[in-house]
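For reference, the chains in residue letters:
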Amino acid sequence: MTKQISVEEFDRLFDDGEDISDYVDWENARRPGLEPQRVEIDFPAWMVKQLDDAAEHYGVDRASLVKLWVGQRLEARG
């Protein structure tokens with residue numbers, strides 16, 4: 001069970017760099033807006049081959065590479 005304190009006290013501890021672990025229920029914690037959502041997308045075979053080659057080069061799996069590259073493009077858009 002987690003300890004209970006006021007929001008103001010929690011914010012102060014966090015802002016001061018204190019350990020807030022005793023006040024967070026990590027098993028049920030959520031990151032609003034960052035929850036994974038499954039998306040299916042079809043690529044032509046030549047793109048899958050190139051994605052797999054690039055993923056192997058970088059030492060990551062295909063899905064991680066796609067997420068990284070899409071994320072970079074979206075951030076660049078501002």
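Just so we're clear, the structure is a prediction, and the values are computed from it rather than from any experiment.

Q: Can you break down the overall build of the chain residue by residue, with the values?
A: Check the secondary structure of the chain and you find 3 helices and 0 strands. The order of α-helices and β-strands along the chain, N terminus first, is α-α-α. On C-alpha atoms alone, the chain measures out to a radius of gyration of 20 Å, which is more than a quarter above the 12 Å that the 2.2 N^0.38 rule sets for 78 residues. Taken over the C-alpha atoms alone, the chain extends approximately 55 × 30 × 20 Å along its principal axes. A total of 78 residues make up the chain; the buried ones form 9% of that total. On the chain, roughly 7500 Å² of surface is accessible, and the fraction owed to carbon and sulfur atoms is 51%.

Q: A description of the packing of helix H2 (residues 45–58) against helix H3 (residues 62–77) should follow, citing residues and the corresponding values.
A: It is at 9 Å that the axes of H2 and H3 come closest, and there the two elements cross at 95 degrees. Classified by the angle their axes make, H2 and H3 are roughly perpendicular. Contacts between H2 and H3 pair Val48, Leu51, Asp52, Ala54, Ala55 and Tyr58 from the former with Arg62, Leu65, Val66 and Trp69 from the latter. Here the residues of the contact of H2 with H3 are counted per class, giving 8 nonpolar, no polar and 2 charged.

Q: I'd like a description of the pattern of salt bridges, backed by residues and values.
A: Applying the stated criterion across every chain yields a total of 5 salt bridges. With a shortest N-O distance of 2.8 Å, Glu9 and Arg12 are connected by a salt bridge. Separated by 3 residues within a single helix, Glu9 and Arg12 lie in helix H1 (residues 7–15), roughly one turn from each other. Residue Arg12 is classed as partly exposed on the basis of its relative accessible area, which comes to 39%. Put simply, Asp16 and Arg12 hold a salt bridge, and the shortest N to O gap is 2.9 Å. When salt bridges that share partners are traced, they join Glu9, Arg12 and Asp16 into one network.

What counts, and where the lines are drawn
- Residues numbered from 1 in each chain as written.
- Predicted model: local features only at pLDDT ≥ 70, side-chain atom pairs only at ≥ 80, totals over all residues.
- Heavy atoms only, no water.
- Helix = DSSP H or I, 4+ residues; strand = E, 2+ residues; numbered from the N terminus.
- Rg over C-alpha atoms; globule rule 2.2 N^0.38 Å.
- Buried < 20%, exposed > 50% of the residue type's maximum accessible area, 1.4 Å probe, protein only.
- Areas by Shrake-Rupley, 256 points an atom, 1.4 Å probe, with all protein chains shown as cover.
- Axes fitted to C-alpha atoms, helices over the stretch in contact; angles between N-to-C directions.
- Parallel < 35°, antiparallel > 145°, perpendicular 65-115°, else oblique.
- Contact = heavy atoms within 4.5 Å.
- Nonpolar A, V, L, I, M, F, W, Y, C, P; charged D, E, K, R; others polar.
- Salt bridge = Lys/Arg side-chain N within 4 Å of Asp/Glu carboxyl O.

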